[in-house]
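Overview (structure and organization)
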Amino acid sequence: MVSSSDPVTVEIPPKSPDGSEKSPQSKELLTSNTASTLCISSRSESVWTSASRSKWDIYHKPVIVVSVGAAVFLFGIVITSLSCIQIRNKNVYKMCGPAFLSLGLMLLVCGLVWIPIIRKKQKQRQKSQFLQSLKSFFFNR
């Protein structure tokens, strides 16, 4: 319960130096150039840089994932086939073989799906760079 003798503090938001009600941040946004604001606020610099990348730079990660997936899948095939041959520790091979098969197949499929995704991103990036050059041509006159 608040009595009349207790002081109550109320925070008053700071006013801008010219006395208007707008905050300094919103005033900066209103008076700034739109193209420079877009360029500064962009998080991905790859859209603004036109450095050409080689195919290996673009596709090296999915190629590595596909290669590792294929190797693990083949290893799983070997381990599974060893469980069919009469040797000791047959239960271990029966348990580990399908695990390596499924892990290798998962990596193989993930890498193969990743490649078309990268191609689609490359096409979108090329369109974006073209549209950005058109914007800068028309707006920076």
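What comes next is a walk through the structure. Computed from a prediction, not measured in an experiment: that's the story for all the values here.

**What to know about the overall build of the protein**
- Along its length, the protein carries four helices and zero strands.
- The secondary structure elements of the protein, listed N-terminal to C-terminal, are α-α-α-α.
- Evaluated residue by residue, the protein yields a buried proportion of 12% over its 141 residues.
- Here the contacts in the protein between residues at least 6 apart in sequence split such that 65% fall between residues at least 24 apart.
- In the structure as shown, the protein presents an accessible area of about 11900 Å², 65% of it carried by carbon and sulfur atoms.

**So, a positive patch on the surface**
- On the surface, a cluster of positive charge is contributed by K55, R119, K123 and K127.
- Considering every element that reaches the positive patch, the biggest residue donor is helix α4 (residues 90-139), with three residues.
- Tracing the backbone through its elements, the reader meets K123 in helix α4.

**Description of α4**
- Its 50 residues place the ends of α4 72 Å apart at the C-alpha level, agreeing with the 74 Å of an ideal helix rising 1.5 Å per residue.
- Restricting attention to buried positions, one finds in α4 the residues G97, G104, L108, G111, I115, I118 and Q122.
- Along its buried surface, α4 packs onto α3 (55-84).

Basis of the calculations
Residues numbered from 1 in each chain as written. Predicted model: local features only at pLDDT ≥ 70, side-chain atom pairs only at ≥ 80, totals over all residues. Heavy atoms only, no water. Helix = DSSP H or I, 4+ residues; strand = E, 2+ residues; numbered from the N terminus. Buried < 20%, exposed > 50% of the residue type's maximum accessible area, 1.4 Å probe, protein only. Contact = heavy atoms within 4.5 Å. Areas by Shrake-Rupley, 256 points an atom, 1.4 Å probe, with all protein chains shown as cover. Patch = residues over 30% accessible without salt bridge, like charges linked within 9 Å, V, L, I, M, F, W, Y side chains within 5 Å. Salt bridge = Lys/Arg side-chain N within 4 Å of Asp/Glu carboxyl O. Lys, Arg positive; Asp, Glu negative; His and termini not counted. Charge placed at Lys NZ, Arg CZ, Asp CG, Glu CD. Expected span 1.5 Å × (residues − 1).

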